[in-house]
Amino acid sequence: MKKEEKVRIEENKKNLSVKSMYFNRYLLVRYTIALFFFTNVYWLLSLLMSGSSLFFIPLAIILLLLSSIAEQIKMINKHTNQAVYTKYYFITQLIINGVLMILSSFSSIFTQLFPFLINQARSRVLVLSVLAIGILLSGIILYRLHQIKNNEDRHYHRIKQYEEVTHA
């Protein structure tokens, strides 16, 4: 192999490493998106199987979530620290979880939102706990997105150190 080819291969490796490092800044965000996606799909299927007319709530959340998923997929090839759709999704999810917490406190609405659960205190505590965890996770992700946007996250500083060392 010629020396120029070896240099080009090394440069490609460095560039791929940097690209992967930028993409991995959003790793926690993507895992949380997957968690919310499957949670909402499960809720949607449960509402559909029970014949609830409120199936549109998780369906709307899933449709909004798809824009965030598409944005994350685009980041594979083009790095950006502006995850606009993802930010809006998590703000919406946080608000929806808050509203659902309030609505779940009322028995009649609880049975419409979660017809697959028995309407008793234990079930409401479970649902309220899950919704509270969703609010907490959304808040953490919004903070993480803020850090990434302002290049204040630890990964960014590691990437810059790597770029300095490897001259990538």
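For the structure, check the block above.
Quantities reported herein were computed from a predicted structural model and do not represent experimental measurements.

### A look at the nonpolar core
Most often, soluble globular proteins keep nonpolar side chains buried together rather than apart. Counting residues in each nonpolar core, the largest one holds 24 residues, and the members touching the most others are Y26, V29, W43, F90, L113 and L145. Contributions of two or more residues to this core are made by α2 (27–49), α3 (56–74), α4 (84–104), α5 (107–113) and α6 (121–149).

### Concerning the side chain of T86
Topologically, T86 is positioned in helix α4. What makes T86 buried here is its relative accessible area of 0%. A distance of 3.0 Å separates the side chain of T86 from the side chain of S68, its partner in a polar contact. Here T86 is in contact with V29, I33, S68, E71, Q72 and L145, once residues within four sequence places are set aside.

### Things to note about the packing of aromatic side chains
All chains considered together, the criterion is met by eight aromatic pairs. With 6.4 Å between their ring centres and 65° between their planes, F36 and Y89 make a pair best called edge-to-face. Separated by 53 residues along the polypeptide, F36 in helix α2 and Y89 in helix α4 bring together distant segments of the chain. Here Y89 falls in the buried class, since its relative accessible area comes to 1%. With a centroid separation of 5.5 Å and 45° between ring planes, the pair formed by F110 and F114 is classed as tilted. When its relative accessible area of 7% is taken as the criterion, F114 is described as buried. Between R30 and the ring centre of F23, over which it is positioned, the NZ or CZ distance is 3.8 Å. Directly above the ring of F110 sits R124, whose terminal nitrogen or CZ lies 5.9 Å from the centroid.

### Considerations on a nonpolar patch on the surface
Taken together, the side chains of L45, L48, M49, F55, F56, L59, L63 and L66 define a hydrophobic patch exposed on the protein surface, amounting to about 790 Å² of accessible area. Where the nonpolar patch is concerned, the elements lending two or more residues are α2 and α3. Mapping F55 onto the fold places it in the loop between α2 and α3.

### What about the environment of F114?
Along the chain, F114 falls in the loop between α5 and α6. In this structure, the C-alpha to C-alpha distance between F114 and I61, residues 53 residues apart in sequence, is 16 Å. Those residues in contact with F114, other than ones at most four positions away along the chain, are W43, S104 and V127.

### Side note on the packing of α2 against α3
Two numbers describe how α2 lies on α3: the axes approach to 9 Å, and their chain directions differ by 155°. As the angle between them shows, α2 and α3 are arranged roughly antiparallel. Relative to α3, α2 is oriented so that their crossing is left-handed. Note on element contacts: α3 touches α2 through I57, P58, L59, I61, I62, L65, L66, S68, I69 and Q72, opposite V29, R30, I33, F36, F37, N40, V41, W43, L44 and L47. Residue composition of the contact of α2 with α3, by class: 16 nonpolar, three polar and one charged.

### With respect to the pattern of salt bridges
Scanning all chains against the criterion turns up two salt bridges. In this structure, the salt-bridge partner of R25 is D153, at a minimum N-O distance of 2.6 Å. Of the two residues, R25 sits in the loop between α1 (3–23) and α2 while D153 sits in the loop between α6 and α7 (154–166), which places them 128 residues apart along the sequence. Here the two residues R25 and D153 agree in accessibility, since each one is buried. The salt bridge partner of K160 is E163, with a shortest N-O separation of 2.9 Å. Of this pair, K160 and E163 both sit in helix α7, three residues apart, which is roughly one turn of that helix.

Reading the values: the criteria
Residues numbered from 1 in each chain as written. Predicted model: local features only at pLDDT ≥ 70, side-chain atom pairs only at ≥ 80, totals over all residues. Heavy atoms only, no water. Core = buried A, V, L, I, M, F, W, Y, C linked by side-chain atoms within 4.5 Å. Buried < 20%, exposed > 50% of the residue type's maximum accessible area, 1.4 Å probe, protein only. Helix = DSSP H or I, 4+ residues; strand = E, 2+ residues; numbered from the N terminus. Polar contact = N/O pair within 3.5 Å; in protein donor to acceptor, adjacent residues only side chain to side chain. Contact = heavy atoms within 4.5 Å. Phe/Tyr/Trp six-rings, centres within 6.5 Å; stacked < 30°, edge-to-face > 60°. Lys NZ or Arg CZ within 6 Å of the ring centre and 35° of its normal. Patch = residues over 30% accessible without salt bridge, like charges linked within 9 Å, V, L, I, M, F, W, Y side chains within 5 Å. Areas by Shrake-Rupley, 256 points an atom, 1.4 Å probe, with all protein chains shown as cover. Salt bridge = Lys/Arg side-chain N within 4 Å of Asp/Glu carboxyl O. Axes fitted to C-alpha atoms, helices over the stretch in contact; angles between N-to-C directions. Parallel < 35°, antiparallel > 145°, perpendicular 65-115°, else oblique. Left-handed = near helix turned anticlockwise from the far one by under 90°. Nonpolar A, V, L, I, M, F, W, Y, C, P; charged D, E, K, R; others polar.

Interpretation in functional terms is not warranted from these geometric data alone.
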